[in-house]
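The lines below spell out each chain.
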Amino acid sequence: MARLTSRLDSSRFSSISFDSQRIRADGKSFCQVRLVLTPEHHDEQVTLRLTAGSFEPGAVVRQVTLTPQNGELAFRIYAPSMPRSGFLLADGLRAPLQFSPASFVHYLAFDLIPTLFFAIIFALVIRSFAIASFYIPSGSMEPTLQIHDRLIADRLSYTLHLRLPRRGDVVIFRYPGNPSQDFIKRVVALPGERVAIRDGEVFVNGQPLDEPYEAEPPDYEMPEITVPEGEYFVLGDNRNHSADSHVWGFVPRRNLVGHALFVYWPPQRAGVIRNPFSEREPPTTQDAAGILLAR
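Residues numbered from 1 in each chain as written. Predicted model: local features only at pLDDT ≥ 70, side-chain atom pairs only at ≥ 80, totals over all residues. Heavy atoms only, no water.

## Side note on the pattern of salt bridges
Inference 1: Counting across every chain of the model gives nine salt bridges.
Inference 2: Arg12 is the partner of Glu44 in a salt bridge, and the nearest nitrogen-oxygen pair spans 3.5 Å. Taken as a pair, Glu44 in the loop between strand S4 (30-37) and strand S5 (46-50) and Arg12 in the loop between strand S1 (7-8) and strand S2 (13-18) lie far apart in primary sequence, 32 residues in all.
Inference 3: Here Arg163 makes a salt bridge to Asp169, at a shortest N to O gap of 3.1 Å.
Inference 4: According to the relative accessible area criterion, Arg163 is buried, its value standing at 17%.
Inference 5: Through salt bridges with shared partners, one network takes in Glu211, Glu214 and Arg239. (Salt bridge = Lys/Arg side-chain N within 4 Å of Asp/Glu carboxyl O. Helix = DSSP H or I, 4+ residues; strand = E, 2+ residues; numbered from the N terminus. Buried < 20%, exposed > 50% of the residue type's maximum accessible area, 1.4 Å probe, protein only.)

Following this line, the structure appears as structure tokens:
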């Protein structure tokens with residue numbers, strides 16, 4: 001049905017009306033339109049524009065100039081071949097048009113299926129290149145992440161070198177010992193920094209880290225080592241129940257998959273995964289240099 005909620009904001013027209021004929025989007029159906037001009041503009045030609053459909057059967061006319069008869073314009077608008085919305089436009093006139101599917105099969109072929117197809121393609125592109133969902137199978141990141149949590153990660157920032165990992169970022173990466181497996185840990189030390197673990201604390205460049213996310217102090221020690229360029233030292237928040245850099249070594253920059261952003265499931269645990277260092281530590285010179293080199 002052609003439904004009209006028109007706007008008449010012109011001294012040229014006094015009224016516009018559509019008939020009640022159902023307008024099927026098959027390229028053949030039409031609706032009858034009657035446009036009445038005000039007395040002072042009875043004899044003036046009117047240029048009409050149509051954003052969908054046509055003024056003549058089988059034509060693709062988008063604009064037409066008509067001469068009124070006795071102060072009125074009477075014309076037909078033929079529906080397009082596919083369902084769509086449109087507008088009849090003139091000086092001060094804006095009338096929306098709706099063309100319904102000619103049949104259910106027509107609706108499937110030209111409306112629903114194409115819409116679903118492009119929606120699926122868009123979702124796959126987003127899933128592959130922009131964001132991704134991950135499932136937490138173990139307790140190595142407790143209490144920040146619990147077993148069975150599901151989270152969303154940003155895949156673009158690291159892939160396109162929009163930013164380098166910062167201390168405190170929770171990152172997903174390909175496990176260096178088996179790149180077919182994805183691990184999730186927290187970045188503790190950056191390339192070029194010295195890191196050690198002793199007396200239940202993590203030291204970076206000789207200074208203890210304040211780690212509010214830690215489940216409990218580590219009950220192991222690690223002598224001071226220097227993180228190689230292009231690699232990162234990562235630990236699980238559940239320090240005494242995590243296989244991480246203190247066990248198997250560093251994570252190369254190329255192994256990074258994404259930056260964990262927020263938990264979305266279960267609903268009662270939904271929320272942003274915070275980095276407590278983001279406000280305390282601005283991006284380092286190493287970060288800026290790394291981005292320039294990566295580009």
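## A word on the confidence of the model for the chain
Predicted coordinates in areas of low pLDDT are best not read in detail.
Inference 1: Per-residue confidence for the chain gives a mean pLDDT of 83; residues scoring 70 or more make up 82%.
Inference 2: Contacts from residues 284-295, a stretch scored under 50 in pLDDT, to residues over four places away or in other chains number 17 contacts. (pLDDT = per-residue confidence, 0-100. Contact = heavy atoms within 4.5 Å.)

## Quick notes on the sheet that holds strand S15 (residues 201-204)
Inference 1: Read from one edge of the open sheet, four strands run S16-S15-S14-S17, paired in antiparallel fashion. Here the strands that pair on one side only, and so sit at the sheet edges, are strand S16 (207-208) and strand S17 (222-226). (Pairing = 2+ DSSP bridges.)

## A look at a nonpolar patch on the surface
Inference 1: There is a patch of nonpolar side chains on the surface, built from Phe262, Tyr264, Trp265 and Val272 and spanning about 400 Å² of accessible area.
Inference 2: Sorting elements by how many residues they give to the nonpolar patch places strand S20 (residues 256-265) first, with three residues.
Inference 3: Judged by relative accessible area, which is 34%, Tyr264 ranks as partly exposed. (Patch = residues over 30% accessible without salt bridge, like charges linked within 9 Å, V, L, I, M, F, W, Y side chains within 5 Å. Areas by Shrake-Rupley, 256 points an atom, 1.4 Å probe, with all protein chains shown as cover.)

## Concerning the sheet that holds S2
Inference 1: The antiparallel open sheet is built from three strands, whose spatial order is S2-S4-S7. Across the chains shown, the open sheet's two edge strands, defined by having one partner strand only, are S2 and strand S7 (72-78). Going across the sheet, the axis of each strand differs from the next one's by a mean of 20°, ignoring polarity.
Inference 2: Relative to S7, S4 runs antiparallel, the two being bridged by seven bridges. Following the sheet pairing, Val36 is matched in S7 by Glu72. (Axes fitted to C-alpha atoms, helices over the stretch in contact; angles between N-to-C directions.)

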